[in-house]
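# A look at the structure
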Amino acid sequence: MTEVPLLVAVGNGVATLTLNRPDRLNALTPALHEALAAGLARASDDERVRAVLITGAGRGFCAGQDLADRKQAPGEAPREVGHDLERYYNPLVRRLRSLEKPVIAAVNGVAAGAGMSLALACDIVIAAGSASFIQAFSRIGLVPDAGSSWLLPRLVGSARALGLMLTGEALPAERAAEWGLIWKTVPDAALMPEARGLAERLAQGPTRGLGLIKRALNRSLTNSLEAHLDLERELQREAGRTEDYREGVAAFLEKRPARFTGR
């Protein structure tokens, strides 16, 4: 029976992408990368989709690269690992960060190596209480990739980032939330209801404006203050021309819930 590496479901304005290799803790393969790229492209192009939810099937979120694909025979020439980053991982991170729709990660178990990078590349991370985050790269002699060495110090500071990267120790979900690595942790049974509820709430919001917020935050990480003030001005001009802004003001003045359309 042919494995379907990614399950895609669209409903209530949310595209749910479920990594579907539970027997391998949803470890990443070229087929799964290609399915993720297609799923995110569909979410970007489909006007019905106003938020994206990513999770894993079974007992794990994502164990990172499937090392079975990296096995080398004695005497075999070293594999060009950087090729995989250029072809699969770096484009995946860029797609997630540039998608101007909210992306929520529901981490239902271990998120290790590039699986942790995948979660952190999303906009909001909610983790089950039993989940953990592992910078597993040092365990096999590699360097943190897929954005980890850029994202981690910005989220938790250099001392904690280096500790996680050099030791490869697991970070429990509750401590990840305390450190500001993720948005929140919830009991295991509440994970998907909580994540789905948040995704649906964001999907009903002023999603054009939410996409501009995401753009502003991404650019803030490298902009000078002067450049960023100029960017805020331009993004606010763009937001001020949307139908959602007009509706939001009208709803506020009329003391009623706003009915946003994402336009």
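Given the structure is predicted, the values throughout are model-derived calculations rather than measurements. (Residues numbered from 1 in each chain as written. Predicted model: local features only at pLDDT ≥ 70, side-chain atom pairs only at ≥ 80, totals over all residues. Heavy atoms only, no water.)

## Here's the deal with the pairing of strand β3 (residues 51-56)
Of all six residues making up β3, six are buried, and the element is well covered by its neighbours. Because side chains alternate across β3, one face comprises the buried residues Ala51, Leu53 and Thr55, and the other comprises Val52, Ile54 and Gly56, equally buried. The sheet contact formed by strand β2 (residues 14-19) and β3 spans six bridges and is parallel. Bridged to Leu19 within β3 is Gly56. Running through helix α1 (residues 30-45), the crossover from β2 to the neighbouring parallel element β3 is right-handed. (Buried < 20%, exposed > 50% of the residue type's maximum accessible area, 1.4 Å probe, protein only. Helix = DSSP H or I, 4+ residues; strand = E, 2+ residues; numbered from the N terminus. Pairing = 2+ DSSP bridges. Right-handed = clockwise from strand over helix to strand, strands pointing away.)

## Focus: the environment of Gln236
Within the element layout of this structure, Gln236 appears in helix α9 (residues 225-240). Residue classification places Gln236 among the exposed residues on the basis of a relative accessible area of 58%. On a C-alpha basis, the gap between Gln236 and Ile213 in space is 9.6 Å, while along the polypeptide they are 23 residues apart.

## Here we look at the pattern of salt bridges
Taken as a whole and assessed by the stated rule, the structure comprises 15 salt bridges. In this structure, Arg48 engages Asp46 in a salt bridge whose closest nitrogen and oxygen atoms are separated by 2.7 Å. With relative accessibility at 55%, the residue Arg48 sits in the exposed group. Taking the relative accessible area as the measure of exposure, Asp46 reaches 14% and is therefore buried. Residue Arg233 is joined to Asp230 by a salt bridge in which the shortest nitrogen-to-oxygen separation is 3.2 Å. Here Asp230 and Arg233 lie together in helix α9, a separation of three residues that amounts to about one turn. (Salt bridge = Lys/Arg side-chain N within 4 Å of Asp/Glu carboxyl O.)

## Looking at the sheet that holds strand β8 (residues 132-134)
Two modes of strand pairing occur in sheets, parallel and antiparallel, and in both the strands are linked by backbone hydrogen bonds. Spatial ordering of the open sheet is given by β4-β6-β8-β9, a layout of four strands whose pairing is mixed. Two strands bound the open sheet, and with one partner strand each, they are β4 (60-62) and β9 (170-172). When the angles between neighbouring strand axes are averaged without regard to direction, this sheet yields 20 degrees. In this structure, strand β6 (residues 110-112) lies alongside β8, joined through three bridges in parallel fashion. The residue bridging Ala112 from the neighbouring strand is Ile134, located in β8. Of the strands in this sheet, β4, β6 and β8 are in contact with helix α3 (residues 114-121), which crosses β6 at around 100 degrees. (Axes fitted to C-alpha atoms, helices over the stretch in contact; angles between N-to-C directions. Contact = heavy atoms within 4.5 Å.)

## Details of the nonpolar core
Formed by 47 residues in total, the largest nonpolar core has its most connected members in Val52, Phe61, Leu96, Val107, Phe133, Leu152 and Leu181. No other element matches α3, which puts six residues into this core. Not counting residues within four places of it along the chain, the set of residues in contact with Val52 comprises Ala15, Leu17, Leu40, Ala43, Leu99, Pro102, Val103 and Ile104. If you look at the next biggest cluster of nonpolar residues, it comprises 14 residues, including Val14, Ile126, Leu198 and Ala199. (Core = buried A, V, L, I, M, F, W, Y, C linked by side-chain atoms within 4.5 Å.)

## Observations regarding the packing of helix α2 (residues 81-98) against α3
Direction vectors running N to C along α2 and α3 enclose 20 degrees, while the axes themselves pass 9 Å from each other. By the angle between their axes, α2 is roughly parallel relative to α3. Residues Tyr89, Leu92, Val93, Leu96 and Arg97 of α2 pack against Ala114, Leu118, Leu120 and Ala121 of α3. For the contact of α2 with α3, a count of residues per class yields eight nonpolar, no polar and one charged. (Parallel < 35°, antiparallel > 145°, perpendicular 65-115°, else oblique. Nonpolar A, V, L, I, M, F, W, Y, C, P; charged D, E, K, R; others polar.)

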